[in-house]
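Reading the structure
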Amino acid sequence: MRNILITGGAGFIGSHVVRLFVNKYPNYNIINLDKLTYAGNLANLKDIENKPNYKFIKADICDFDTILKVFKENKIDGVIHLAAESHVDRSIKDPFTFANTNVMGTLSLLQAAKECWQEDFSNKLFYHISTDEVYGALELTNPKGGNEPGGGPFGNEFFTEETKYNPHSPYSAAKASSDHFVRAFHDTYGMPTLVTNCSNNYGPYQFPEKLIPLFVNNIRHKKPLPVYGKGENVRDWLYVEDHARAIDIIFHKGKIGDTYNIGGFNEWKNIDIVKLLIKTTDKLLGRKEGEDDNLITYVTDRKGHDLRYAIDSTKLKRELGWQPSLQFEQGIEKTVQWYLDNQQWMENVTSGDYQKYYDDMYKNR
Ligand code: NAD
Ligand code: DAU
């Protein structure tokens, strides 16, 4: 029996992690703690919300007293910490919220874990989910693509676990700071911790402010597709269930105090993804090929827009045997189909109706 606190479980990646753990480990108690910000949507977990080993708690990770109470009352012995402000564009407009949630929220969880566990750290684990963006940006040495010897399609450098932190956006600066706090608690107090840094995720239940769900929805409604700059930026994409599977393996088998990079070895230029999204969405909607190409609209670039991210996840493959399971074209088709099939989910999110789900389902329980 374990009592695992998953923070941010009503968000995109968190909901996949909660689902995986609730279904795969009926002997674990899974406590999903989430503030339900604009990014939290309990409808993401409709299929498991009545399982006996699942409990939801609406709370803010920055509220130390409440967090401490949750740790004590639920005898928490493992944490998988995903709660965060996650959208780079929002961090450029409002860095304070990002520093508060991502840094102070993480610190409040660490401090609560320390107070409850410090007598005996055995069989305890604080697992912090972070991002490749903390490493900064890589060069585009091969802008046209095509594999460089020993490298990726757009350059021969990758982020490894040894790459020095060099965050550029307020989002990644806050995530970097939280990573440092987690490692500081390991080094100072001996807390058993793990940190993983993952590349861009895609798949069902992503909030439609992020590139893929936003663009699929816009294509469906024949709305413009705002491509930042020239669309030359490169990201490394991973199907969200592959990330959740990696988290499961690392939570159970990762070396305490260690860091693992998680990535797809799957680099794409934004503009090529946008073209693939148009092609796939049009095909699935029975529209003519090329019918929606004119929706592409180049707009002012994101401030400080990182050029290229590329993760080297060979350590994770070598040490723990994980690798991505889905080809990108397959994963994209599956994802686009999901957004098209779940139009009601999309409409609830874009209209704001999803925020009533908590009141309807939980308030009077
Ligand atoms: P998301 O924005 O979809 O979800 C974040 C969740 O955290 C939401 O449910 C929100 O309500 C909750 N939350 C926010 N502030 C909170 C607070 N103060 N207290 C409690 N809950 C709070 O994010 P996501 O894309 O699922 O990312 C989850 C984690 O994974 C983040 O830590 C992010 O940095 C990291 N990450 C994301 C990606 C990606 O591609 N999306 C890649 C690598 C790492
Ligand atoms: O790399 C991991 C990170 O990936 C996570 O840590 C973040 O939480 C997650 O949001 C994501 O960050 P990005 O900034 O890479 O994701 P986003 O979907 O916002 O943008 C992907 C790329 O597409 C990026 O280069 C910006 C561009 N873009 C995005 C939007 C929303 C556009 O060109 N137009 C858009 O409208």
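Coordinates for the structure precede this section.
All values reported here derive from a predicted model rather than from experimental measurement.

Here's the deal with the side chain of E209
Looking at where E209 falls in the secondary structure, it is placed in the loop between β7 (200-202) and α6 (211-220). There is a polar contact of 3.5 Å between the side chain of E209 and the side chain of K210. In this structure, E209 is in contact with Y38, H87, R90 and L214, ignoring residues within four places of it in sequence.

Comments concerning the site of ligand 1
Taken together, 28 residues surround ligand 1, and among them I13, D34, S86, Y171 and K175 come closest. A distance of 3.0 Å separates an oxygen atom of ligand 1 from a polar atom in the backbone of F12. A distance of 3.0 Å is found between a nitrogen atom of ligand 1 and a backbone nitrogen or oxygen belonging to K35. Contact with the protein chains removes 96% of the 830 Å² of surface that ligand 1 exposes when unbound. Looking at the shell around ligand 1, the elements that each hand over two or more residues are α1 (12-24), β5 (125-131), α5 (170-189) and β7. Of all the elements, β5 adds the most residues to the shell around ligand 1, at three residues. Split into classes, the residues belonging to the shell around ligand 1 amount to 13 nonpolar, eleven polar and four charged.

Some thoughts on the pattern of salt bridges
Once their charged atoms are close, side chains differing in charge can pair, the charge on each being opposite to the other. Scanning the entire structure with this criterion turns up 19 salt bridges. Note that R2 and D77 form a salt bridge whose closest N and O atoms lie 3.8 Å from each other. Highlighted residues: R2 in strand β1 (residues 2-7) and D77 in the loop between α2 (64-73) and β4 (78-81), separated in sequence by 75 residues. As far as the burial class goes, R2 and D77 line up, both buried. A salt bridge links D258 to K255; the shortest N-O distance between them is 3.9 Å. Within this structure, K222, D282, R287, E291 and D292 form a network of salt bridges that share partners.

Regarding helix α7 (residues 240-253)
With 14 residues, α7 extends 20 Å from end C-alpha to end C-alpha; this agrees with the ideal 20 Å at 1.5 Å per step. Taken together, the buried positions of α7 are occupied by V240, D242, H243, A244, A246, I247, D248, I249, I250 and F251.

Some remarks on the sheet that holds β7
Strand pairing in a sheet is mediated by backbone hydrogen bonds. Such pairs are either parallel or antiparallel. The mixed open sheet is built from three strands, whose spatial order is β7-β9-β11. Of all the strands in the sheet, just β7 and β11 (267-269) have a single pairing partner and so form its edges. The average angle at which neighbouring strand axes cross in this sheet is 50 degrees, direction not considered. Pairing of strand β9 (residues 234-239) with β11 involves three bridges; the strand directions are antiparallel.

Thoughts on unusual backbone geometry
A positive phi is found at K75, a non-glycine position, where the angle reads about 45 degrees. Along the chain, K75 falls in the loop between α2 and β4. Look at K75 and you get exposed, because its relative accessible area is 62%. At K222, a residue that is not glycine, the phi angle is positive and equals roughly 55 degrees.

Details of the site of ligand 2
Taken together, the neighbourhood of ligand 2 is formed by 24 residues, with T131, D132, Y171, R302 and H305 sitting nearest. At a separation of 2.5 Å, an oxygen atom of ligand 2 approaches a polar side-chain atom of D132. Contact distances for ligand 2 include 2.9 Å between an oxygen atom and a side-chain N or O atom of E133. Against a free-state accessible area of 690 Å², the protein chains account for coverage of 94% of ligand 2. Of all the elements in the fold, those that place two or more residues in the shell around ligand 2 are α6 and β8 (225-228). For the shell around ligand 2, the per-class residue count stands at ten nonpolar, eight polar and six charged.

Notes on the packing of aromatic side chains
Counted by the stated rule, this structure contains 24 aromatic pairs. Summarising the aromatic geometry, the rings of F21 and F251 are spaced 5.8 Å apart at their centres and angled 85 degrees between planes, so their arrangement reads as edge-to-face. With F21 in helix α1 and F251 in helix α7, this residue pair connects regions lying 230 residues apart in the sequence. For the pair Y135 and Y165, a centre-to-centre distance of 5.6 Å together with 90 degrees between the ring planes defines the contact as edge-to-face. Here Y135 is found in the loop between β5 and α5, whereas its partner Y165 is found in the loop between β5 and α5, with 30 residues between them in sequence.

A closer look at the sheet that holds β5
What the seven strands build is an open sheet, ordered β3-β2-β1-β4-β5-β6-β10; its pairing is parallel. Each of the sheet's edge strands pairs with one partner strand only, and the pair in question is β3 (54-58) and β10 (259-262). Geometrically, the sheet is characterised by an average inter-axis angle of 20 degrees between neighbouring strands, direction not taken into account. In this structure, β5 lies alongside strand β6 (residues 193-198), joined through six bridges in parallel fashion. Looking at β6, one finds that F126 is bridged to T193. Of the strands in this sheet, β1, β2 (28-34), β3 and β4 touch α1, which is tilted by about 160 degrees from β2. Relative to the sheet, α7 contacts β1, β2, β4, β5, β6 and β10, its axis offset from that of β5 by approximately 145 degrees.

Scoring rules and cut-offs
Residues numbered from 1 in each chain as written. Chains lettered and ligands numbered in written order. Predicted model: local features only at pLDDT ≥ 70, side-chain atom pairs only at ≥ 80, totals over all residues. Heavy atoms only, no water. Helix = DSSP H or I, 4+ residues; strand = E, 2+ residues; numbered from the N terminus. Polar contact = N/O pair within 3.5 Å; in protein donor to acceptor, adjacent residues only side chain to side chain. Contact = heavy atoms within 4.5 Å. Near = heavy atom within 4 Å. Areas by Shrake-Rupley, 256 points an atom, 1.4 Å probe, with all protein chains shown as cover. Nonpolar A, V, L, I, M, F, W, Y, C, P; charged D, E, K, R; others polar. Salt bridge = Lys/Arg side-chain N within 4 Å of Asp/Glu carboxyl O. Buried < 20%, exposed > 50% of the residue type's maximum accessible area, 1.4 Å probe, protein only. Expected span 1.5 Å × (residues − 1). Pairing = 2+ DSSP bridges. Axes fitted to C-alpha atoms, helices over the stretch in contact; angles between N-to-C directions. Phe/Tyr/Trp six-rings, centres within 6.5 Å; stacked < 30°, edge-to-face > 60°.

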